Amino acid sequence: MTVLHKVWGYLEEILAGFFFVAGIALIFYGVMMRYIFNEPQAWVEELARYAIIWGTFLGFGLALRHNQHIQVDILYDKLKPSNKRILDLVATCLSIVFCIIYTYYGFILVENRFTSGMVSLDIGIPMWVVYLVLPISGVLFLLRFVERLVNILRGKDEEYANPLT
């Protein structure tokens, strides 16, 4: 199980990082072509936008793994450990429900775009491919919340990487 867990973690990091780097590289290429060579490329902006969106959505689970999502914990820090656990359970269960709904409607959106035959304006990419990140990220995010729920139920303290140290 730990091998699968590590592969899953590395895959999340590689995919999210790849799409972010690709988006940034495309933006850099677009700036170079526009301002240095005076030959703007219309397709670059659209493809960069899609790459950054994919990187962001694939990074949801990665951020959850490292507990890097925005949270207000002023009151949470003042709670007793037993109350913290109850609040963690409730919040995680609600998050799982959200992820199921998000993934379901993501699949519906992809199906609608697939049947409509919509394509992007500049590149001609089928829009269902662009929207496919919604159900994929929803499933990955759901799996991270299920992992968190299992850890809470087992009473396992979660250790998070702190990027500032």
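Everything numeric in this text was worked out from a predicted model, so none of it was measured.

A.B. asks: Where do I start with the overall build of the protein in this structure?
C.D. replies: The helix and strand inventory of the protein stands at five helices and zero strands. For 165 residues, the compact-globule formula gives about 15 Å, and the C-alpha radius of gyration of the protein, at 20 Å, lies well above that figure. Each principal axis of the C-alpha atoms in the protein carries an extent, and together these give about 60 × 40 × 35 Å. Relative to its full complement of 165 residues, the protein shows a buried share of 27%. Residue pairs at least 24 apart in sequence account for 75% of intrachain contacts in the protein once pairs closer than 6 positions are excluded.

A.B. asks: Where do I start with a nonpolar patch on the surface in this structure?
C.D. replies: Nonpolar side chains collect at one region of the surface, where Ile 27, Val 31, Tyr 35, Ile 36 and Phe 37 lie side by side and expose about 560 Å² of accessible area between them. Along the polypeptide, Ile 27 turns up in helix H1 (residues 2-36).

A.B. asks: Honestly, the packing of H1 against helix H5 (residues 133-154) in this entry has me stumped. Any pointers?
C.D. replies: The axes of two packed helices give the description: the angle between them and the distance between them. Where H1 meets H5, the closest approach of the two axes is 13 Å, and the angle between their N-to-C directions is 140 degrees. By the angle between their directions, the pair H1 and H5 is classed as oblique. In this structure, H1 crosses over H5, and the sense of that crossing is left-handed. Touching His 5, Trp 8, Gly 9 and Glu 12 of H1 are Leu 140, Leu 143, Arg 144 and Glu 147, all from H5. Its residues assigned to classes, the contact of H1 with H5 shows three nonpolar, two polar and three charged.

A.B. asks: Please clarify how the pattern of salt bridges should be interpreted in this entry.
C.D. replies: Side chains carrying opposite charge are able to pair once their charged atoms draw close together. Per the counting criterion, the structure on display carries five salt bridges. Across the salt bridge formed by Glu 12 and Arg 144, the nearest N and O atoms sit 2.6 Å from each other. Here Glu 12, found in helix H1, pairs with Arg 144, found in helix H5; they are 132 residues apart in sequence, far enough to count as distant. The class of Arg 144 is buried, set by a relative accessible area of 2%. The salt bridge involving Glu 45 is made with Arg 49; its shortest N-O contact spans 3.3 Å. Linking Glu 45 with Arg 49, this pair stays in helix H2 (residues 42-65), spanning four residues, or about one helical turn. Exposure remark for Glu 45: the relative accessible area of 53% places this residue in the exposed category. By sharing partners, the salt bridges in this structure join Glu 12, Glu 13, Arg 65, Arg 144 and Glu 147 into a single network.

A.B. asks: I would appreciate a short explanation of the packing of aromatic side chains in the present structure.
C.D. replies: Where two aromatic rings form a pair, the distance of their centres and the angle of their planes describe that pair. Inspection of the entire model under this criterion finds nine aromatic pairs. Taking the centre distance of 5.8 Å and the plane angle of 25 degrees together, the rings of Phe 98 and Tyr 102 count as stacked. Here the residue Phe 98 and the residue Tyr 102 both occupy positions in helix H3 (residues 81-116), the gap between them amounting to four residues, near one helical turn. Ring centres 5.0 Å apart and planes at 80 degrees place the aromatic pair Tyr 104 and Tyr 105 in the edge-to-face group. Taken together, the ring pairs in this structure connect Phe 57, Phe 60, Phe 141 and Phe 145 into an aromatic cluster. Note that Arg 113 overlies the ring of Tyr 131, its terminal NZ or CZ placed 5.3 Å from the centroid.

Parameters and conventions
- Residues numbered from 1 in each chain as written.
- Predicted model: local features only at pLDDT ≥ 70, side-chain atom pairs only at ≥ 80, totals over all residues.
- Heavy atoms only, no water.
- Helix = DSSP H or I, 4+ residues; strand = E, 2+ residues; numbered from the N terminus.
- Rg over C-alpha atoms; globule rule 2.2 N^0.38 Å.
- Buried < 20%, exposed > 50% of the residue type's maximum accessible area, 1.4 Å probe, protein only.
- Contact = heavy atoms within 4.5 Å.
- Patch = residues over 30% accessible without salt bridge, like charges linked within 9 Å, V, L, I, M, F, W, Y side chains within 5 Å.
- Areas by Shrake-Rupley, 256 points an atom, 1.4 Å probe, with all protein chains shown as cover.
- Salt bridge = Lys/Arg side-chain N within 4 Å of Asp/Glu carboxyl O.
- Axes fitted to C-alpha atoms, helices over the stretch in contact; angles between N-to-C directions.
- Parallel < 35°, antiparallel > 145°, perpendicular 65-115°, else oblique.
- Left-handed = near helix turned anticlockwise from the far one by under 90°.
- Nonpolar A, V, L, I, M, F, W, Y, C, P; charged D, E, K, R; others polar.
- Phe/Tyr/Trp six-rings, centres within 6.5 Å; stacked < 30°, edge-to-face > 60°.
- Lys NZ or Arg CZ within 6 Å of the ring centre and 35° of its normal.

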